[in-house]
Amino acid sequence: MNQMKKIQECLGPELGEMNGIIAETLATPNRMMNDIVTRYLEIKGKQIRPILVILSARMFGGVTREVLYAGAALEMLHNASLIHDDIVDETSLRRGVPTVNARMGNHIAVLVGDFFVSNALAAGIRTGDIRVVSALSSLGKELSLGEIDQICNARDHELEEASYFGMIRQKTASLFMNCVRMGAELGGATAAELDRLVRFAELLGLCFQIKDDIFDYYEDTRIGKPTGNDLREGKVTLPLLYALRTAPEDDARPMRDLLMAGTLDSEAINTLIEFAKRHDGVEYAYGRMREMQGEALEILGTFPESESRDAFARIFEYIIARDR
């Protein structure tokens, strides 16, 4: 049994109650929406984000009903972003099953995503804590800006690591950061404790996105996207950025020319992927994740020993080692 599965089982009662809140919040008299929502929730993922909320609250206090509503709100907002991403990326599979847009069309999928967003805010209000509502509002903006930054980087052929890290901080890490912020605040963390745990979550979120990007350099139908899908959309991620920066100029120049030429065909994508691999781009990305893991573990070491602290460390290792 992997580490994530053990943590899920340990938090089974809390996750079960939180999923009940999600189902109750999303319930509607409309049969079509109910059918779509029910089917979507049946294929829920590992729920890492609400797990972070619950663990953070446990670390500093207890898991109250308000904590569970906060976790539910974040999970619904996260799922809304996935539904909208699938529309933009024309994704046909997620977690091995057809996406909402593939089954019902973009029009319905947009409405379903909006429905999730609205209900995320409704769940946030049920906490009775303005900090939760404020975090949800800020997070919605950050997620949107992260996606816009990614589109701009692709269109402008931005090939700097700093721009890449800024984009994935907004697009991915911001969600992880707000998860622990909500849980820790509701659990009674001090300002100093909160700052340290949010930094841990930032590192965790950055690594999550880097690992997702590494998947794109290898064929794996289980994750629902083909090799090179990011490049097909004009997205240049960390392994290729490193190779372009460090490879001999005679090798790197033709690769930059390919990227500047515009739409890439399968042959060009394969050429770029092999170039990144040949010049140790994937190894570099793993090295950066391990560096961030080292800093994250140092941060955890500043907190008293607890089940939550150990679970956070195990989640970080899982994020780097996962195969999908």
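Residues numbered from 1 in each chain as written. Predicted model: local features only at pLDDT ≥ 70, side-chain atom pairs only at ≥ 80, totals over all residues. Heavy atoms only, no water.

(A) Quick look at the overall build of the chain. Across its full length, the chain holds 16 helices and two strands. Dimensions of the chain, computed from the C-alpha atoms along their principal axes, are close to 60 × 50 × 35 Å. Counting every position in the chain, which comprises 324 residues, the buried fraction comes to 50%. Contacts in the chain between residues far apart in sequence, at least 24 positions, make up 76% of those at least 6 positions apart. For the chain, the accessible surface area stands at approximately 14,500 Å², while carbon and sulfur atoms represent 51% of it. (Helix = DSSP H or I, 4+ residues; strand = E, 2+ residues; numbered from the N terminus. Buried < 20%, exposed > 50% of the residue type's maximum accessible area, 1.4 Å probe, protein only. Contact = heavy atoms within 4.5 Å. Areas by Shrake-Rupley, 256 points an atom, 1.4 Å probe, with all protein chains shown as cover.)

(B) Structural context of helix H7 (residues 106-126). Along its 21 residues, H7 runs 30 Å from first to last C-alpha, staying within 8% of the 30 Å computed at 1.5 Å per residue. On the buried face of H7, the contacting elements are helix H2 (12-26), helix H3 (31-42), helix H5 (65-89), helix H6 (100-104) and helix H8 (130-155). (Expected span 1.5 Å × (residues − 1).)

(C) Structural detail: the packing of helix H10 (residues 191-215) against helix H16 (residues 307-321). Closest axis-to-axis distance for the H10/H16 pair is 8 Å, and the angle between their directions is 20°. One way to sum up the angle between H10 and H16 is to call them roughly parallel. For the crossing formed where H10 meets H16, the hand is left-handed. Of the residues in H16, those touching H10 at Leu197, Phe200, Leu203, Leu204, Cys207, Phe208 and Lys211 are Phe312, Ile315, Phe316, Ile319, Ile320 and Ala321. Classifying every residue of the contact of H10 with H16 gives 12 nonpolar, no polar and one charged. (Axes fitted to C-alpha atoms, helices over the stretch in contact; angles between N-to-C directions. Parallel < 35°, antiparallel > 145°, perpendicular 65-115°, else oblique. Left-handed = near helix turned anticlockwise from the far one by under 90°. Nonpolar A, V, L, I, M, F, W, Y, C, P; charged D, E, K, R; others polar.)

(D) Quick look at the nonpolar core. Counting 106 residues, the largest nonpolar core has Ile210, Leu240 and Ile315 as its most contacted members. Counting residues per element, this core draws most heavily on H5, which supplies 13 residues. Once residues lying within four places of it in the same chain are set aside, the contact partners of Ile315 are Met4, Ile7, Ile48, Ile51, Leu52, Leu55 and Leu204. (Core = buried A, V, L, I, M, F, W, Y, C linked by side-chain atoms within 4.5 Å.)

(E) Region of interest: the pattern of salt bridges. Summed over all chains, the structure comprises 17 salt bridges. With its nearest N and O atoms 3.0 Å apart, the salt bridge here joins Glu202 to Arg169. Of this pair, Glu202 sits in helix H10 while Arg169 sits in helix H9 (residues 161-187); the two residues are 33 residues apart in sequence, bridging distant segments of the chain. Judged by its relative accessible area of 14%, Glu202 is buried. Arg169 gets classed as partly exposed once you look at its relative accessible area, which sits at 30%. (Salt bridge = Lys/Arg side-chain N within 4 Å of Asp/Glu carboxyl O.)

(F) Geometry of the confidence of the model for the chain. For the chain, per-residue confidence averages 90 on the pLDDT scale, and 97% of positions sit at 70 or higher. Taking the mean pLDDT of every element in the chain, the minimum, 78, falls on strand S1 (residues 93-94) and the maximum, 98, on helix H15 (residues 281-300). (pLDDT = per-residue confidence, 0-100.)

(G) Region of the structure containing the side chain of Gln209. Structurally, Gln209 can be placed in helix H10. Apart from the residues within four sequence positions on either side, Gln209 is in contact with Tyr164, Ile168, Lys171 and Thr172.

(H) Molecular detail of H8. In a regular helix each residue adds 1.5 Å, so 26 residues correspond to 38 Å; H8 covers 38 Å between its end C-alpha atoms and thus fits that length. One or two steps after H8, the chain reaches His157, where phi turns positive at roughly 55°.

(I) Examining the packing of aromatic side chains more closely. Enumeration according to the criterion identifies six aromatic pairs in this entry. For the ring pair Phe176 and Phe208, a centre distance of 5.3 Å and an interplane angle of 45° mean the geometry is tilted. One end of the pair, Phe176, is in helix H9; the other, Phe208, is in helix H10, and 32 residues separate them in sequence. One aromatic cluster is present, formed by Phe200, Phe312 and Phe316 through successive ring pairs. For Arg49, the ring lying beneath its charged end belongs to Phe208, and the centroid distance is 5.0 Å. (Phe/Tyr/Trp six-rings, centres within 6.5 Å; stacked < 30°, edge-to-face > 60°. Lys NZ or Arg CZ within 6 Å of the ring centre and 35° of its normal.)

(J) Representation of the environment of His84. Structurally, His84 is set in helix H5. For the pair His84 and Asp114, spaced 30 residues apart in sequence, the C-alpha to C-alpha distance is 8.7 Å. Other than its neighbours up to four places away in sequence, His84 contacts Val110, Gly113 and Asp114.

(K) Layout of the environment of Ser144. Along the chain, Ser144 turns up in helix H8. C-alpha of Ser144 to C-alpha of Ser81: the two residues are 63 residues apart in sequence and 8.8 Å apart in space. In terms of polar contacts, Ser144 uses its side chain to reach the backbone carbonyl oxygen of Gly140, at 3.0 Å. (Polar contact = N/O pair within 3.5 Å; in protein donor to acceptor, adjacent residues only side chain to side chain.)

(L) Quick peek at the side chain of Lys211. Within the fold, Lys211 resides in helix H10. A polar contact of 2.4 Å, which involves the side chain of Lys211, links it to the backbone oxygen of Ile320. The residues contacting Lys211, other than those within four sequence positions of it, are Tyr286, Met289, Ile319, Ile320, Ala321 and Arg322.

(M) Quick peek at unusual backbone geometry. At Gln47, a position not held by glycine, the phi torsion is positive, near 55°. As for its position among the elements, Gln47 is in the loop between H3 and helix H4 (48-60). You can call Gln47 buried: its relative accessible area is 8%. Not every positive phi belongs to a glycine, and Asp280 is a case in point at roughly 65°. In this fold, Asp280 is placed in the loop between helix H14 (266-278) and H15.

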